[in-house]
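This is what each chain is made of:
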Amino acid sequence: MQDDLPQDSKLTRTKRAWAEAGKFLTGREARPEAERLPPGQHLVTDWPVLDLGVEPEVPLASWQLRVTGFATNPLTLTWEQFTALPQQTRRSDIHCVTTWSRYDNDWQGVPVRALLDLAQPLPMAAFVLLTSHDGYTTNLPLEDFAAEDAILATHWQGQPLTRAHGGPMRLVVPHLYFWKSAKWLKGIELIGVDRAGFWEKNGYHMYGDPWREQRYSDD
Ligand SMILES: Nc1nc2c(c(=O)[nH]1)N[C@H]1C(S)=C(S)[C@@H](COP(=O)(O)O)O[C@H]1N2
Ligand SMILES: [Mo]
């Protein structure tokens, strides 16, 4: 019983003092496993392939990435130009709306922010509509697209991205469900008013926050 426990032993007094002083607090955010895995997700260690069934072969010689819409400097980059941009790495978790999550994916490529710094979005740009070589589209707010850990990835765990996973280049926006992370990305349109992409027109959420379980559209 609580009442039987010593309330005034040396140990109890010491630990009470530590608690009052906040001793051993690192100031770092605690991330217990339960908080790292969003609600309704389960952990996998393989990496499933999910797409519409068309896995386009994109020859590097004709590969292009276009940034259009509300930008001061609309861009068309060749593979050579794109890969000449400073490469960086990002480590992040994947959360797919079909309930699998995969931790600690090491991506290498060009941070989205670096590309946006070149394109210079205009003030009226508030969303992006992304287009891929398989005809896939998806949409998200510009602010989320520009997240610090969002990356235009060419490599995963040190190896070039396979075609099945979106190679030669895919987007990774880790804080949203993985359907926002367009594989075989070819077009980024900066728009003022949100426009639904493929899954968003098919019952999925316009935003898609795994932590709020925004899987499906409300209506
Ligand atoms: N171009 C394109 N990108 C896409 C898709 C797609 O069908 N086409 N599927 C999305 C979905 S629903 C998911 S879960 C992830 C899957 O990526 P993976 O196959 O590398 O796991 O890609 C997303 N990006
Ligand atoms: Mo998905």
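What you see is a predicted model, and the numbers here were worked out from it, not measured in a lab.

*Asks:* Hey, could you go over the site of ligand 1 for me, with residue numbers and the actual values?
*Replies:* Neighbouring residues of ligand 1: 20 residues in total, closest P48, D134, H165, R170 and K183. Taking L52, its main chain carries an N or O atom lying 3.1 Å from an oxygen atom of ligand 1. Take H165: an N or O atom from its side chain is 2.7 Å from an oxygen atom of ligand 1. For ligand 1, the accessible surface in isolation is 540 Å², of which the surrounding protein chains cover 97%. Residue composition of the shell around ligand 1, grouped by class: 13 nonpolar, three polar and four charged.

*Asks:* For the pairing of strand β7 (residues 137–141), give the residues involved together with the corresponding values.
*Replies:* Counting buried positions over the five residues of β7 gives five, a clear majority of the element. Residues T137, N139 and P141 point to one face of β7 and T138 and L140 to the other, with burial holding for every one of them. The pairing of strand β6 (residues 127–132) with β7 spans five bridges and is classified as antiparallel. Among the inter-strand pairings, L130 is bridged to a residue of β7, identified as T138. In this antiparallel pair of consecutive strands, β6 and β7, the connection spans four residues, and G135 shows a positive phi of 95°.

*Asks:* Could you give me a rundown of the pattern of salt bridges, with the residues and numbers involved?
*Replies:* In this structure the tally under the stated criterion is ten salt bridges. Two residues, R36 and D104, come together in a salt bridge whose shortest N-O distance is 2.9 Å. With R36 in helix α2 (residues 33–36) and D104 in strand β5 (residues 100–111), this pair connects stretches of sequence that are 68 residues apart. Judged by relative accessible area, R36 falls into the buried class, the value being 18%. The closest approach of N and O atoms between R215 and E213, which form a salt bridge, is 2.9 Å. By relative accessible area, which is 7% here, R215 ends up buried. Here the salt bridges do not stand alone but share partners, grouping R36, D93 and D104 into one network.

*Asks:* Hey, could you go over helix α4 (residues 112–119) for me, with residue numbers and the actual values?
*Replies:* Among all positions in α4, only V112, L115, L116 and A119 are buried. Axial view of α4: buried residues confined to an arc of 100°, hence all on one face.

*Asks:* Give a detailed account of the pairing of strand β3 (residues 75–78), specifying residues and quantitative values.
*Replies:* Burial along β3 is one-sided: the face carrying L75 and L77 is buried and the face carrying T76 and T78 is not. Pairing analysis gives four bridges linking strand β2 (residues 64–69) to β3, with the strands arranged antiparallel. Each bridged residue has a counterpart across the sheet, and for Q64 the counterpart in β3 is T78. Between β2 and β3, which pair antiparallel in sequence order, lie five residues.

The rules behind the values
Residues numbered from 1 in each chain as written. Chains lettered and ligands numbered in written order. Predicted model: local features only at pLDDT ≥ 70, side-chain atom pairs only at ≥ 80, totals over all residues. Heavy atoms only, no water. Near = heavy atom within 4 Å. Polar contact = N/O pair within 3.5 Å; in protein donor to acceptor, adjacent residues only side chain to side chain. Areas by Shrake-Rupley, 256 points an atom, 1.4 Å probe, with all protein chains shown as cover. Nonpolar A, V, L, I, M, F, W, Y, C, P; charged D, E, K, R; others polar. Buried < 20%, exposed > 50% of the residue type's maximum accessible area, 1.4 Å probe, protein only. Helix = DSSP H or I, 4+ residues; strand = E, 2+ residues; numbered from the N terminus. Pairing = 2+ DSSP bridges. Salt bridge = Lys/Arg side-chain N within 4 Å of Asp/Glu carboxyl O. Arc of directions from axis to C-beta.

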